[in-house]
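Structure at a glance
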Amino acid sequence: MADTLYIVNLKHYRNAVGRSFRSFMESMGRFRHVENVVFAIPHVNFPDAHAMDGFRFFAQDIDPPSGFGAYTGSVSMDVAMEYGISGTLLNHSERRVSDERIASVVQRAASLSFDVVLCARDAEEVRRFSSLNCRYIAYEPPPELIGGNISVSTARPEVIRQAVEIARASGKSLLVGAGIKSRGDVEKSIDLGASGILVASGVVLANSPPDALSSLIV
Ligand code: G3P
């Protein structure tokens, strides 16, 4: 389905980030100009990403807007966009942030048309985040499913159905992530109402990451 969104989170995997980034993304060449495939990448590789045309890149996190100035260590949407980064994950279960930071990032992102995938760990957070002005809510359960072989669509179907209803009621698209390893996991997620998936180890750590990603696309 062409409108299903696939977000490949490179996380901090040795074979995909830092000095490995360019070779990893070159291996993903078949996904250039594939609009429904996005790669979530570390800040350090923004310049490399900018030199690789045809891919869609998101950040894995972004700092709240402070403008330019004496903000040591800040990584802003404004600079990310200079490198062609068009969105970000936010509040990922491995990088949770405060509600204040979420509200500040989402508000600024909306004014810049910078996509935000706001990650929620349960239906209550999906409900709370659905009132915010961001395009995507991602249901990512607590870490025990992440990196595992039981997908969230198998382990938590009832939560996904509930989360889809909550998100839809606010005009949001719900994505799901954790343990996605097969096309069946993707189809199950879509059947439950999800608009896309987030995947990391099932693709990035596969023997052939491009073949693994191709095998997930329905
Ligand atoms: O951002 C998605 C990620 O947390 C899922 O990880 O390895 O279970 O696909 P994984």
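Reference entry: report on the structure contained in this document. Counting restarts for each chain: residues are numbered from 1 in the order of the written sequence. Where local features are concerned, this predicted model is filtered to residues with pLDDT of at least 70; where side-chain atom pairs are given and counted, the filter is 80 or more; whole-chain, interface and lining totals use all residues. No hydrogens and no water enter the side-chain calculation; it runs on all heavy atoms of the structure.

Quick look at the site of the ligand
Proximity criterion: a residue is near a molecule or strand once any of its heavy atoms comes within 4 Å of it. Residues in close proximity to the ligand include Asn9, Lys11, His92, Glu140, Ile146, Gly147, Ala178, Gly179, Leu198, Val199, Ala200 and Ser201, which together make up its full environment. Within the side chain of Glu140, a nitrogen or oxygen atom sits 3.0 Å from an oxygen atom of the ligand. Residues adjacent in sequence count toward polar contacts only when both atoms are side-chain atoms; beyond that, a polar contact is any pair of N or O atoms within 3.5 Å, and within protein one must be able to donate a hydrogen and the other to accept it. Taking Ser201, its side chain carries an N or O atom lying 2.5 Å from an oxygen atom of the ligand. When the ligand is considered free in solution it has 310 Å² of accessible area, and contact with the protein chains removes 100% of it. Only protein atoms enter the 1 Å grid used here. Points where a 1.4 Å probe fits but cannot escape make up a cavity, open sets with protein on both sides within 12 Å along at least five of seven lines make up a pocket, and a residue lines them when an atom lies within 4 Å of a point. Placement in a cavity or pocket follows one criterion, namely that more than half of the molecule's atoms lie within 2 Å of its grid points. Given that more than half its atoms are within 2 Å of the pocket grid, the ligand belongs to the largest cavity. Its residues assigned to classes, the shell around the ligand comprises five nonpolar, five polar and two charged. Calculation of accessible area relied on Shrake-Rupley with a 1.4 Å probe; when residues are assessed, cover is drawn exclusively from the protein chains displayed. Residues are grouped as follows: nonpolar covers Ala, Val, Leu, Ile, Met, Phe, Trp, Tyr, Cys and Pro; charged covers Asp, Glu, Lys and Arg; every other residue, Gly included, is treated as polar.

Some details on the state of the cysteines
Throughout, disulfides are identified as pairs of cysteine sulfur atoms within 2.5 Å of each other. Under the defined criterion, the tally for this structure stands at zero disulfides. This cysteine, Cys134, is not joined by any disulfide, and Cys119 carries the nearest cysteine sulfur, 9.8 Å off. Since its relative accessible area comes to 6%, Cys134 is described here as buried. Burial here depends on accessible area, computed with a 1.4 Å probe over protein chains only, as a share of the maximum for the residue type. Under 20% is buried, over 50% is exposed, and the range in between is partly exposed.

What about unusual backbone geometry?
The phi dihedral of His33 falls on the positive side, at around 65°, and the residue is not glycine. Numbering goes from the N terminus for both helices and strands, where a helix is a DSSP run of H or I of at least four residues and a strand is a run of E of at least two. Relative to the elements of secondary structure, His33 occurs in the loop between helix H1 (21–27) and strand E2 (37–41). Classification of His33 by relative accessible area gives exposed; the value is 62%.

A look at empty space enclosed by the protein
Think of a ball as big as a water molecule: rolled over the atoms, this probe shows where empty space is left. Grid points are joined across faces, edges and corners, and a volume is the space filled by probe spheres set on the points. Per the stated rule, a full pass over the model turns up one cavity of 30 Å³ or more. Empty space within the largest cavity amounts to approximately 120 Å³. Forming the boundary of the largest cavity are 16 residues, of which Glu140, Ala178, Leu198, Val199 and Ala200 lie nearest the centre. At the level of elements, strand E8 (196–199) and helix H9 (201–204) are the ones that each hand at least two residues to the lining of the largest cavity. Counted by class, the lining of the largest cavity contains six nonpolar, seven polar and three charged residues.

A look at helix H8 (residues 183–191)
Where H8 is concerned, the buried positions are Asp185, Val186, Ser189 and Ile190. Buried residues of H8 fall within an arc of 135° about the axis and therefore sit on the same side. A contact between two residues is defined here by any heavy atoms of the two lying within 4.5 Å. Where H8 is buried, its residues meet strand E1 (5–9), helix H6 (152–155), strand E7 (173–177), E8 and helix H10 (209–216). Positive phi appears at Gly193, one or two residues downstream of H8, with a value of about 110°. What the arc covers is the set of directions going from the helix axis to the C-beta atoms.

Any functional reading would require information beyond the geometric quantities listed.
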